[in-house]
Amino acid sequence: ETAATTEPADTTVTTTEPQTFKLFYVRDEIVVREDYLDNAEQMRQIREHLASSPHIDSITIRAYASPEGAFHHNRYLSQQRAVAARDFILQNASGRSDLSEENIRLCPMDENWEGLREAVEQNYHRHDRARVLAIIDDDRVGPQTKKWRLEQLDGGYTWKYLLRKYMQRLRYATWVCIW
């Protein structure tokens, strides 16, 4: 009696995690500047990714404004930052037939309160930390009221501290690329 031999089935699954990048923006600007924060490195990685990826199914861009300034203006900034990020990607994807405006989804996210909360939770250790978090977490009020309340803390020092320490890293567009 002979046993039939079969080659094991190839069960190798190739998966690639979605790639995420961030492009940061100067306050009240929508232009992607290579000389701002670590944008030069992020832009290099995006260009490299676009050149080396064999196929891209879709890209989703989420763009944010920091929670400073008027809400409606920040909404506009987040919309325009998403467009600027898309335009940067398309300008650097020349020759790709699989990438166009149609498969790049824009998701303007308005003000980045989640990012501010995360930054405060991780790095803010002043005496009014609990109060700052309570204001940020208060879903009963809108963003303008939250800003006003934060501006009232500690004679305005807390808000100025938040502006100086955290806001520049809350203004960005990020994209997730799916193969």
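Predicted model, so just to flag it, every value in this text is computed and none were measured.

Caption draft 1: The arrangement of helix α5 (residues 143–152) in detail. Residues of α5 that are buried include every one of K146, K147 and L150, and no others. One face of α5 carries all of its buried residues, which in axial projection span an arc of 100°. On its buried face, α5 is in contact with α2 (71–91), β3 (104–111), α3 (113–123), α4 (129–137) and α6 (157–165). Backbone geometry just after α5 places D154 at a positive phi near 50°.

Caption draft 2: Highlighting the pairing of β3. Both strand β2 (residues 58–65) and β3 contribute to a ladder of six bridges, which runs parallel. Each bridged residue has a counterpart across the sheet, and for A63 the counterpart in β3 is P108. Each parallel crossover has a hand, and for β2 linked through α2 to β3 it is right-handed.

Rules used in this analysis
- Residues numbered from 1 in each chain as written.
- Predicted model: local features only at pLDDT ≥ 70, side-chain atom pairs only at ≥ 80, totals over all residues.
- Heavy atoms only, no water.
- Buried < 20%, exposed > 50% of the residue type's maximum accessible area, 1.4 Å probe, protein only.
- Helix = DSSP H or I, 4+ residues; strand = E, 2+ residues; numbered from the N terminus.
- Arc of directions from axis to C-beta.
- Contact = heavy atoms within 4.5 Å.
- Pairing = 2+ DSSP bridges.
- Right-handed = clockwise from strand over helix to strand, strands pointing away.

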